[in-house]
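A structural walkthrough
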Amino acid sequence: MNTNNTKTTTVVYDDDSVRKFMIASIFWGLVGMGAGVLIATQLNYWQMNGKFLEWITFGWLKSEGVEFLTFGRLRPLHTNAAIFAFVGNMMFAGIYYSTQRLCRVRMASDLLTKINLWGWQFIIVCAAITLPAGYTRGKEYAELIWPINILVAVIWLVFAANFFWTLAKRNEKSLYVGLWFYIATIVTITMLYVVNHLSIPTSFTHSYPIFGGVQDALVQWWYGHNAVAFFLTTPMLGIMYYFVPKAANRPVYSYRLSIIHFWSLVFIYIWAGPHHLLNTALPEWLQSLGMIFSLMLWAPSWAGMLNGLLTLRGAWDKLLTDPIIKFFAAAVTFYGMATFEGPLLSIKAVNALSHYTDWTVGHVHAGTLGWNGFLAAGMFYWLAPRLWNTKLYSTTLANAHFWLGMVGILLYVASMWVSGITQGLMLNATTEGGTVLQYPNFLDTLQAIRPVMLFRAIGGGLYLIGFFMLAYNIWKTARSGQAVNGTVEVATQTESDTDKRFSTFLSAPVIYSGLIIFSVCLSIFSNGALFIFGMFLTIVFIIVAIAHFEVSKASWNDWFEELLSHSFGFSVLTIIAAAIGGAIQIIPTVTVQRADNIEGRIQVPYTPLELAGRDIYVSEGCYNCHSQMIRTLVPDVMRYGNSGQGGGYSHLGESIYNFPYQWGSKRTGPDLAREGSHRSDDWHYWHMLNPRDISPGSNMPNYPWLFEKPIKVSQLPNKIHAMRMLGVPYPIDLSEEEIQAQVDEQAAGIVERLAEKGAFTEPDREIVALIAYLQKLGTYTETGDSAE
């Protein structure tokens, strides 16, 4: 930048938006955690799915269950509130506060900031209405319906525009560490969100994802795992790199370690998504890549943890008196614990025990409550006195919050470890030389973990009470002071240095990075002569880069500082580093013809009534408890592989027409991959009316509204049209009348069979469609080794 023609000016920061984001985060945090405690109790007491309203209203409100309060519908509300409402608003508060100070400039546009603030709150309100109402896409952490998805994308781009515009106006030459992580967050979340939410709408409230079966599973966990990485981790690391040094009044321990931490994390994390699908029908090469890169994550994650903890060197005495340092130290420690446990669970042998159990749930909550929650608390306690120009209302109350929250986390995580390992061992246990399952009844495992699941609710309740303390403390702090905006005197330039505008692209490190990435991609995505040519170019560019570096007598710091002075070039390299892993995994998977991915079995398409029943299944959130994937593990095959049609583990072709896929991530109930013909129509009827009549001890909710609500047959033509566009072989000339006729005929048959067993319902009720779907599960045709 030109250092001539400078003048000094006063910059007034926009801290009003920071205050509002912080208040919103606290409010939604209470809502999300409250919902979490409620659904935790539902796992022990089925009455908490709505029956309890009858008790607390002394019989005025009578219901065996309330559809808006079931576990399947509230669990997405809890996760979305915790991730996008609580952590999302906390993230915006931290980024808006620190970015202005790191750039020494006010945010570029007050209007864009306000749109970001209120648009994000509007999205949360929309989610809070639609998710309990059963409007969902049926994919974890991506449940919001398509109009809200578009709104999320727009508001996120508003945030991105405001952020990068601010970087462009900054009065600091170099980008500080925290800004690197913010850049990685913005560009990668944009990429993840857009790809995973590509859908074909069938109505204003419903759509089908364009990916199905294994393709959908891979894209979903590429998104789901990296939403954890780039929404719950990288922005928090940026916040850590800014607020921890501020609180400790010490510089970051190691700048070089920050560089290694950032680039290795951004490059490696994106590859690890397939570890959510180990031992499933996912191709083996993808499972191996997911496991290997997950193990590699140990290094950058612990580099970040050590950098954060060692930043507190010399300030450890404050742990005794300063609750902010306590929260920060504990948060960084939990980050280290969670990032040690994550790769551990990615080892296939360990995953065979932990997957589909509460162990994974405990791992996720150690990160969310310990890392995100405690970091948020430390940041809020640090920010509140500065935003309202006063002292924290009560240090004693903040200390009490810390210890109550800590006890809550430990109780929660420990109970989930015990619960998960217990259930995993029981599900895999065999007798008689490994030929017979020791606990063939799934409910036996559920009964065994009920006591520890109760401790989970108690731990969550303690954490929630602690957060109420924070809300009260911050409220009293704000009441005792007055809202102020930070100011700073900065030297600004009167002329832009246009001759260096494009120097990002002309600098040696950027040119060599681009050439090497290009040649590597040329090798990866080609074969024959082009593959050899790409390899040759890669080697040549690396040698030339090293030679240039040595001849120029430059240092790594010089090259990196050159890059940091230009935010656009830095952002482009970040995008490339983050995109490589996803591209190598997803492009080959989604471009391969589905007909080549059937392993000798191809799914029989759903009839119109079965398709309607499947949408009801997804709407009720059944995937939150049931999987539809018999893993390649022997106990899984012994437990589920002999029921229904055929046998063995689930093949790729058995879910080829499932939009979205339903392989699941948790088994509070048994796997349903082969449910078809395994149970009778009336079994499903009574089971949905009162699960305990059929399965004593079940914690599944009652679904009385399924016997009252009519099937939405009028929506089926649009849905079938969308399915046909996605490759499902429905007849091209299938008319609305024919769809109605098929629905009527199949429904009449189910109703007749139910009546023979003393179970009566009208043919147009949702329970009939749901039974039709459940009876169809696992139905396929043998095709040998060839495609259909």
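Below you will find a few notes about this structure. (Residues numbered from 1 in each chain as written. Predicted model: local features only at pLDDT ≥ 70, side-chain atom pairs only at ≥ 80, totals over all residues. Heavy atoms only, no water.)

Topic: the pattern of salt bridges
- Going through the model one piece at a time under the given rule, you end up with 26 salt bridges.
- Close ionic contact of E64 with K51 constitutes a salt bridge, the shortest N to O distance being 2.8 Å. Remark: K51 occurs in the loop between α1 (16-42) and α2 (52-56) and E64 occurs in the loop between α2 and α3 (71-103); sequence separation between them is 13 residues.
- You can call E64 partly exposed: its relative accessible area is 38%.
- For K51, a relative accessible area of 13% translates into the label buried.
- Between R73 and E620 there is a salt bridge, with the nearest N and O atoms lying 2.9 Å from each other. Residue R73 is located in helix α3, and its partner E620 is located in the loop between α22 (608-619) and α23 (634-640); the two are separated by 547 residues in the primary sequence. (Salt bridge = Lys/Arg side-chain N within 4 Å of Asp/Glu carboxyl O. Helix = DSSP H or I, 4+ residues; strand = E, 2+ residues; numbered from the N terminus. Buried < 20%, exposed > 50% of the residue type's maximum accessible area, 1.4 Å probe, protein only.)

Concerning the pairing of strand β3 (residues 206-209)
- By the alternation rule, side chains of β3 split into H206 and Y208 and S207 and P209, which are all buried.
- Pairing analysis gives four bridges linking strand β2 (residues 199-203) to β3, with the strands arranged antiparallel. Considered in β3, the bridge of S199 is made with P209.
- If you look at the hairpin formed by β2 and β3, you'll find two residues sitting between the two strands. (Pairing = 2+ DSSP bridges.)

A few points about the packing of helix α6 (residues 177-196) against helix α8 (residues 234-248)
- Look at α6 against α8: their axes get within 8 Å of each other, and the N-to-C directions meet at 165°. Taken together, the axis directions place α6 and α8 in an arrangement best described as roughly antiparallel. In this structure, the crossing between α6 and α8 has a hand that is left-handed. Between α6, through V177, G178, F181, Y182 and T185, and α8, the contact on the second element is made entirely by T234, P235, L237, G238, I239 and Y241.
- Partitioned by chemical class, the residues of the contact of α6 with α8 number seven nonpolar, four polar and no charged. (Axes fitted to C-alpha atoms, helices over the stretch in contact; angles between N-to-C directions. Parallel < 35°, antiparallel > 145°, perpendicular 65-115°, else oblique. Left-handed = near helix turned anticlockwise from the far one by under 90°. Contact = heavy atoms within 4.5 Å. Nonpolar A, V, L, I, M, F, W, Y, C, P; charged D, E, K, R; others polar.)

Focus: the nonpolar core
- Counting residues in hydrophobic clusters, the biggest one holds 153 residues, and the most contacted among them are M22 and W120.
- Among residues more than four places away in sequence, those in contact with M22 are A93, F380, L383, A384, L387, W388 and I474. (Core = buried A, V, L, I, M, F, W, Y, C linked by side-chain atoms within 4.5 Å.)

Considerations on helix α12 (residues 323-345)
- The terminal C-alpha atoms of α12 lie 32 Å apart, and with 23 residues this matches the ideal 33 Å at 1.5 Å per residue to within 8%.
- A large share of α12 lies buried, amounting to 19 of its 23 residues.
- The N-capping residue of α12, defined by a side-chain oxygen 2.9 Å from the backbone nitrogen of I324, is D322. (Expected span 1.5 Å × (residues − 1). Polar contact = N/O pair within 3.5 Å; in protein donor to acceptor, adjacent residues only side chain to side chain.)

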